[in-house]
Amino acid sequence: MAGGGAQCLSFAGCNFLRQRLVLSTLSGRPLKIRKIRAKEEDPGLRDFEACFIRLIDKVTNGSRIEINQTGTTLYYQPGLLYGGSLEHDCSPSRSIGYYLESLLCLAPFMKHPLKIVLRGVTNDQVDPSVDVLKATALPLLKKFGIDGESLEIKINRRGMPPKGGGEILFACPVRKVLQPIQFTDPGKIKRIRGTAYSVRVSPQMANRMVESARSVLNKFLPDVYIYTDHMKGISSGKSPGFGICLIAETINGTILSAELASNPQGQGAAVLPEELGQNCAKLLLEEIYRGGCVDSTNQSLALLLMTLGQQDVSKVLLGPLSPYTIEFLRHLRSFFQIMFKIEMKSPEEEHKGAGSSYKDMNSYPIKSFW
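An unreviewed UniProt entry lists the protein under the name RNA 3'-terminal phosphate cyclase-like protein, with Gallus gallus given as the organism. Listed in UniProt under the heading Function (unreviewed entry), the comment for the protein reads: "As part of the small subunit (SSU) processome, it plays a role in 40S-ribosomal-subunit biogenesis in the early pre-rRNA processing steps at sites A0, A1 and A2 that are required for proper maturation of the 18S RNA. Activates BMS1 by promoting GDP/GTP exchange. Does not have cyclase activity."

Here you go:
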């Protein structure tokens, strides 16, 4: 027994490290993770995971973190979520999105409003980019009543892998009480917006991506506008690259996203900007086809905010659950003893009033009951 009488939870393996640390911090329950890559040639925590643990230590006060010599066992006793004005250099092996996703979960529950500058890679091929989180996660937070002028994500400098050099500012107000939501009707797509960015390459790259993405999307609706963002000098980071991020918005305020980035310098074959734009447009159509009121990137954030909201029923419609979300539901049960009621939507219900057949047959209305 530790942490003021809270039962210490025990896990094995390196998977879902962020989920476990975030939920441990929010629930106040200590945790122990064993066998972190114990059988690999290079055992223990990776540099980006150690960097994440340092970030958790910065935003809390009084946390106790113990790691054994080989880095294969981690003990974490959470302190108070403190917040305030902070700076953090993220590991360039993962993007800023890896760290920002978890900060979005923690920020509304701090003692002081969080204002943090994160430095590193802003866009890569692995994690959600800062652009996508800005366009999708912030409107989701607002639905739960977390809003105000102080809620913002601002990209000061872009940084592409492998060297990074990007910088963003994330600010979030404190909200002790969250509104319950009823978000079960996604509505029809009314417009598509996006950003095509290029750094340390020809500005023409962005225009070529825009043309190819529009060639696919304009077949479905006319209101498609993709901004080009070409940063120069110090704002362009340390490595060349380009990419595109697309956002579809519905009449009911659902926001779905897709993104692609070029291969890092010196890794893999060169990618044509035309291919990248076209493939990203197809990914967006696939995301729309999956359906749901929250895109697959933010499923776990929506479920967490439903869990931590008032003792009232919240309902949300999700597309097919990602493996990450399924594990997140299991962790919510372990840390908070919260169970979700999940219902499958029948194909008849899907198409009633939809007027088109772009939705997926496996949408899940999820309720949180207290």
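**What about the pairing of strand S15 (residues 255–261)?**
With respect to burial, S15 is a largely interior element, five of its seven residues being buried. Where strand S14 (residues 241–250) lies against S15, seven bridges are found, and the strand directions are antiparallel. Bridge pairing in S15 links Ile247 to Ser257. Connecting S14 to the antiparallel partner S15 that follows it, the hairpin turn spans four residues, and Gly253 within it adopts a positive phi of roughly 90°.

**With respect to helix H3 (residues 96–106)**
Of all 11 residues in H3, 11 are buried, a share of seventy percent or more. Among all positions of H3, only Ile96, Gly97, Tyr98, Tyr99, Leu100, Glu101, Ser102, Leu103, Leu104, Cys105 and Leu106 are buried. Measuring from the backbone nitrogen of Gly97 back to the side-chain oxygen at the start of H3 gives 2.9 Å, which picks out Ser95 as the cap.

**Re the pattern of salt bridges**
On inspection of all chains with the given rule, the structure shows 21 salt bridges. Salt-bridge contacts for Glu101 lead to Arg18; the nearest nitrogen and oxygen are separated by 3.0 Å. Here Arg18 lies in helix H1 (residues 17–27) and Glu101 lies in helix H3, a separation of 83 residues in the sequence. Residue Glu101 is classed as buried on the basis of its relative accessible area, which comes to 17%. For Arg18, a relative accessible area of 10% puts it in the buried group. Here Arg290 ties to Glu286 by a salt bridge, and the two come within 3.1 Å at their closest N and O atoms.

**A short note on the environment of Phe16**
Structurally, Phe16 can be placed in the loop between strand S1 (9–12) and H1. A C-alpha to C-alpha distance of 8.1 Å links Phe16 and Glu327, two positions 311 residues apart in sequence. Non-local contacts of Phe16, meaning those with residues more than four positions away in its chain, are made with Tyr324, Glu327 and His331.

**Re the sheet that holds S14**
With mixed pairing, the four strands of this open sheet are ordered in space as S13-S12-S14-S15. Of all strands in the sheet, those bounded by a partner on one side alone are strand S13 (224–231) and S15. Adjacent strand axes in the sheet meet at a mean angle of 15°, parallel and antiparallel pairs treated alike. When strand S12 (residues 189–199) meets S13, the two strands line up parallel, connected through eight bridges. Following the sheet pairing, Thr195 is matched in S13 by Tyr227. Helix H4 (residues 130–143) rests against S12, S14 and S15 of the sheet, and its axis sits at about 170° to S15.

**Section: the sheet that holds strand S5 (residues 74–77)**
The four strands lie next to each other as S1-S2-S5-S4, forming an open sheet whose pairing is mixed. Pairing within the sheet leaves two strands with one partner each, and these edge strands are S1 and strand S4 (64–67). Averaged over neighbouring strand pairs, the angle between their axes works out to 10° when direction is ignored. Inspection of the sheet shows S4 paired to S5 by four bridges, in the antiparallel sense. Residue pairing for S5: Glu66 is matched across the bridge by Tyr75.

**Considerations on unusual backbone geometry**
Omega for the peptide link from Pro161 to Pro162 comes to 5°, which places this bond in the cis form. The residue Pro162 is located in the loop between strand S9 (152–157) and strand S10 (166–172) in this model. Phi at Arg37 takes a positive value of approximately 50°, unusual for a residue other than glycine.

**Some points on the pairing of S5**
Side-chain alternation along S5 places Leu74 and Tyr76 on one buried face and Tyr75 and Gln77 on a second face that is also buried. Direction of pairing for strand S2 (residues 31–34) relative to S5: antiparallel, over a ladder of three bridges. The partner of Lys32 across the bridge, within S5, is Tyr75. Taking the residues between adjacent antiparallel strands as the criterion, S4 and S5 are bridged by six residues, where Gly71 takes a positive phi near 80°.

What counts, and at which threshold
Residues numbered from 1 in each chain as written. Predicted model: local features only at pLDDT ≥ 70, side-chain atom pairs only at ≥ 80, totals over all residues. Heavy atoms only, no water. UniProt positions renumbered as here; feature names shortened; annotations may be inferred. Buried < 20%, exposed > 50% of the residue type's maximum accessible area, 1.4 Å probe, protein only. Helix = DSSP H or I, 4+ residues; strand = E, 2+ residues; numbered from the N terminus. Pairing = 2+ DSSP bridges. Polar contact = N/O pair within 3.5 Å; in protein donor to acceptor, adjacent residues only side chain to side chain. Salt bridge = Lys/Arg side-chain N within 4 Å of Asp/Glu carboxyl O. Contact = heavy atoms within 4.5 Å. Axes fitted to C-alpha atoms, helices over the stretch in contact; angles between N-to-C directions.

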